[in-house]
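One letter stands for each residue in the lines below.
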Amino acid sequence: MDFSIKAFNTKNAIAEQKTGCVVIGVFENNKLSAQAKLLDGKGLVSAALKSGDITGKAGSTLLLHPATGHAKRILLVGMGPEGSISDRNFISAAQAVARSLTNLGSADALLALPVNEVQGRDASWSIRTLILTLRESVYRADALKSKKEDVTNGVKRVALGVDGGLQAAARQSLAQSIAIANGLELTKTLGNLPPNICTPTYLANTAKQIAKDYKLGIEVLDRKQLEALKMGSFLSVTQGSEQPPKFIVLKHMGGKPKDAPVVLVGKGITFDTGGISLKPGSGMDEMKYDMCGAGSVLGTFRAIGEMQLKLNIIGVIPTCENMPSGRATRPGDIVTSMSGQTIEILNTDAEGRLILCDALTYVERFKPACVIDIATLTGACVTALGHHNTGLFTRHDNAHDELANELLAAGKYSTDTAWRMPVEEPYQEQLKSNFADIANIGGPPGGSITGACFLERFSRSYTWAHLDIAGTAWRGGAAKGATGRPVPLLTTFLINRASQ
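So, a few notes on the structure that sits alongside this text. As the structure is a computational prediction, the values presented were derived from the model and not from experiment. (Residues numbered from 1 in each chain as written. Predicted model: local features only at pLDDT ≥ 70, side-chain atom pairs only at ≥ 80, totals over all residues. Heavy atoms only, no water.)

### Some details on the overall build of the protein chain
And step 1. Along the protein chain, the regular secondary structure elements total 15 helices and 21 strands.
And step 2. Since a compact globule built from 500 residues should have a radius of gyration of about 23 Å, the 25 Å found for the protein chain is in line with a globular shape.
And step 3. In terms of its C-alpha atoms, the protein chain occupies a principal-axis envelope of roughly 85 × 50 × 45 Å.
And step 4. Taken across its 500 residues, the protein chain has 57% of its residues classed as buried.
And step 5. Nonlocal contacts in the protein chain, meaning residues at least 24 apart in sequence, comprise 77% of its contacts between residues at least 6 apart.
And step 6. For the protein chain, the accessible area works out to roughly 20900 Å², and carbon and sulfur atoms hold 50% of it.
And step 7. Side chains of the protein chain give 53 positive and 46 negative charges; the mean places of these two sets differ by 7 Å. (Helix = DSSP H or I, 4+ residues; strand = E, 2+ residues; numbered from the N terminus. Rg over C-alpha atoms; globule rule 2.2 N^0.38 Å. Buried < 20%, exposed > 50% of the residue type's maximum accessible area, 1.4 Å probe, protein only. Contact = heavy atoms within 4.5 Å. Areas by Shrake-Rupley, 256 points an atom, 1.4 Å probe, with all protein chains shown as cover. Lys, Arg positive; Asp, Glu negative; His and termini not counted. Charge placed at Lys NZ, Arg CZ, Asp CG, Glu CD.)

### A short note on the environment of P195
And step 1. Mapping P195 onto the fold places it in the loop between α5 (167-192) and α6 (200-214).
And step 2. For P195, a relative accessible area of 22% puts it in the partly exposed group.
And step 3. For P195 and K288, which are 93 residues apart along the polypeptide, the C-alpha to C-alpha distance reads 5.6 Å.
And step 4. Those residues in contact with P195, other than ones at most four positions away along the chain, are T270, F271, K288 and E321.

### Digging into the packing of helix α9 (residues 292-307) against helix α15 (residues 487-498)
And step 1. Here α9 crosses α15 at 40°, and the two axes come no closer than 9 Å. One way to sum up the angle between α9 and α15 is to call them oblique. Once α9 is placed against α15, the crossing between them reads as right-handed. Contacts between α9 and α15 involve S296, G299, T300, A303, I304 and M307 from the first element and V487, L490, T491, L494 and I495 from the second.
And step 2. Among the residues forming the contact of α9 with α15, the class breakdown is 7 nonpolar, 4 polar and no charged. (Axes fitted to C-alpha atoms, helices over the stretch in contact; angles between N-to-C directions. Parallel < 35°, antiparallel > 145°, perpendicular 65-115°, else oblique. Left-handed = near helix turned anticlockwise from the far one by under 90°. Nonpolar A, V, L, I, M, F, W, Y, C, P; charged D, E, K, R; others polar.)

### Some details on the pairing of strand β9 (residues 246-253)
And step 1. Along β9, 6 of the 8 residues are buried, which leaves the element largely enclosed by surrounding structure.
And step 2. For strand β8 (residues 217-221) and β9, the ladder comprises 5 bridges, and the chain directions are antiparallel. Paired with E219 across the bridge in β9 is V249.
And step 3. Here 8 bridges tie β9 to strand β12 (residues 312-322), and the two strands are oriented antiparallel to one another. Of the residues in β12, the one forming a bridge with K251 is I314. (Pairing = 2+ DSSP bridges.)

### Remarks on the side chain of S337
And step 1. Summarising the element assignment, S337 is placed in the loop between β13 (334-336) and β14 (342-344).
And step 2. Within the structure, the side chain of S337 is placed 2.8 Å from the side chain of S339, a separation counted as a polar contact.
And step 3. Among the polar contacts listed, one links the side chain of S337 to the backbone oxygen of Q341, at a separation of 2.9 Å.
And step 4. Non-local contacts of S337, meaning those with residues more than four positions away in its chain, are made with K230, S233, I343, C357, D358 and F458. (Polar contact = N/O pair within 3.5 Å; in protein donor to acceptor, adjacent residues only side chain to side chain.)

### Observations concerning the packing of aromatic side chains
And step 1. Counted according to the given criterion, the structure contains 6 aromatic pairs.
And step 2. With centroids separated by 6.3 Å and ring planes inclined at 50°, the aromatic side chains of F234 and F247 adopt a geometry described as tilted. With F234 in helix α8 (residues 232-238) and F247 in strand β9, this residue pair connects regions lying 13 residues apart in the sequence.
And step 3. A residue is classified by how much of its surface remains accessible, and F234, at 0% relative accessible area, is buried.
And step 4. Here the aromatic residues F234, F247, Y362 and F366 are joined through ring pairs into a cluster of three or more.
And step 5. Taking NZ or CZ as reference, K188 lies 4.3 Å from the ring centre of Y139, over its face.
And step 6. Against the face of Y362 rests R365, its NZ or CZ located 3.9 Å from the ring centre. (Phe/Tyr/Trp six-rings, centres within 6.5 Å; stacked < 30°, edge-to-face > 60°. Lys NZ or Arg CZ within 6 Å of the ring centre and 35° of its normal.)

### Let's talk about empty space enclosed by the protein
Vacant regions in the atomic arrangement are exposed by a probe of water-molecule size rolled over the atoms.
And step 1. Here the structure, examined in full by the defined rule, presents 1 cavity of 30 Å³ or more.
And step 2. Taken as a whole, the largest cavity holds about 70 Å³ of empty space.
And step 3. In terms of lining residues, the largest cavity is bounded by 13 residues, among which S236, V237, N322, T329 and T348 are the most central.
And step 4. For the lining of the largest cavity, a count of residues per class yields 5 nonpolar, 7 polar and 1 charged. (1 Å grid on protein atoms, 1.4 Å probe; cavity = no way out; pocket = protein on both sides within 12 Å on 5 of 7 lines; lining within 4 Å. Points joined across faces, edges and corners; volume = space filled by probe spheres on them.)

The following block contains the structure:
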């Protein structure tokens, strides 16, 4: 789907545009949006409202076929009550438009919606919402099917109509939105690929391609290098697998040379059996999604590379499989992390923290402005927050409160929301071990918090946040598939940082 911006003014009116379909907003109680009024020269739109064929309720639609005029079709979409449009109603309208355009017998459409009338949002937010929603509607995960779904119908070219004064800002928003959509799509595609294809080597090759496409720095460390770095914790997870581990470092240095970088660390378990602590067979196929943290880092780098964002950003991805075999780590084993801290492994299915802790130690060398790790870390986070909010964990002091607030604000703006959870000393008590410096689990109570507390012990030399995306990175059941979260949150956070 191709997108463009069309600016309107007194010399370039909506009614004069030749298009297969023009999309305009209407409100409840037979009220027209400003754009609808401009198109209602002969009363066609107002007559449709008075007929009761469309109520104006958010997400309702009605397709008209005018006998005259430049537009072959007019799609009316309900925006809810007149006045300030709620963001929820705008999202409902965008989803309704996407559904309609997917099945429309027109190759092109013009969206003339009230993008600058959403309460508490700007036109950039509205444009991004439309682009991401439309791209989501045409995304397919059928690359490995022998017979693809027929997608011959549907709109292929979309122009977004804006007031002439918004043209420059709208074009910048459009470019950013398309970049984010491309990053989201990469993240979803990586997550949806089967684990026999999306291996650690596949992720490393994907990172190399991103680096080549956008002229980024790239380094991929193999087992011997990880052994030389004494990453005993990471290596303990990969012992049972035939697939070689990879440690990926991507560098987007778009800021000033001396500026400290933002570092993103993504968990890349390309398949998680649980190891010797074997998971139940039911639903184990969904453990291919245990690399969604890594996928979100790669998707974010795809987006910021396309944007040419003026910020120094480093992505670090420890990636491997967690498999049972005669070489696999056993419950009760004690390993030494890169930091020198020893870890008693009580459960081999708590493996994500074991690869992340060495990565968190490794990134100290970059003297980062902040570090954010992203991981499908705990089922306990799903129990706590469901599938709506990502779990956000940080320490509690001025620097960490500021970072948390930035991430929460980015999540709210992008509607890729997070909820802050505690990281406090009493929870650390649950990680005590009789035989090592720390145990890798703290028991069922507060499982997502103790997982974060484990990681916190390896991040004390810099400002750090942990995003637990176990409940938000993918959907199960009939709608099974990767969501691409938290790419919108991360890209918004980075865009905001670059503008400071």
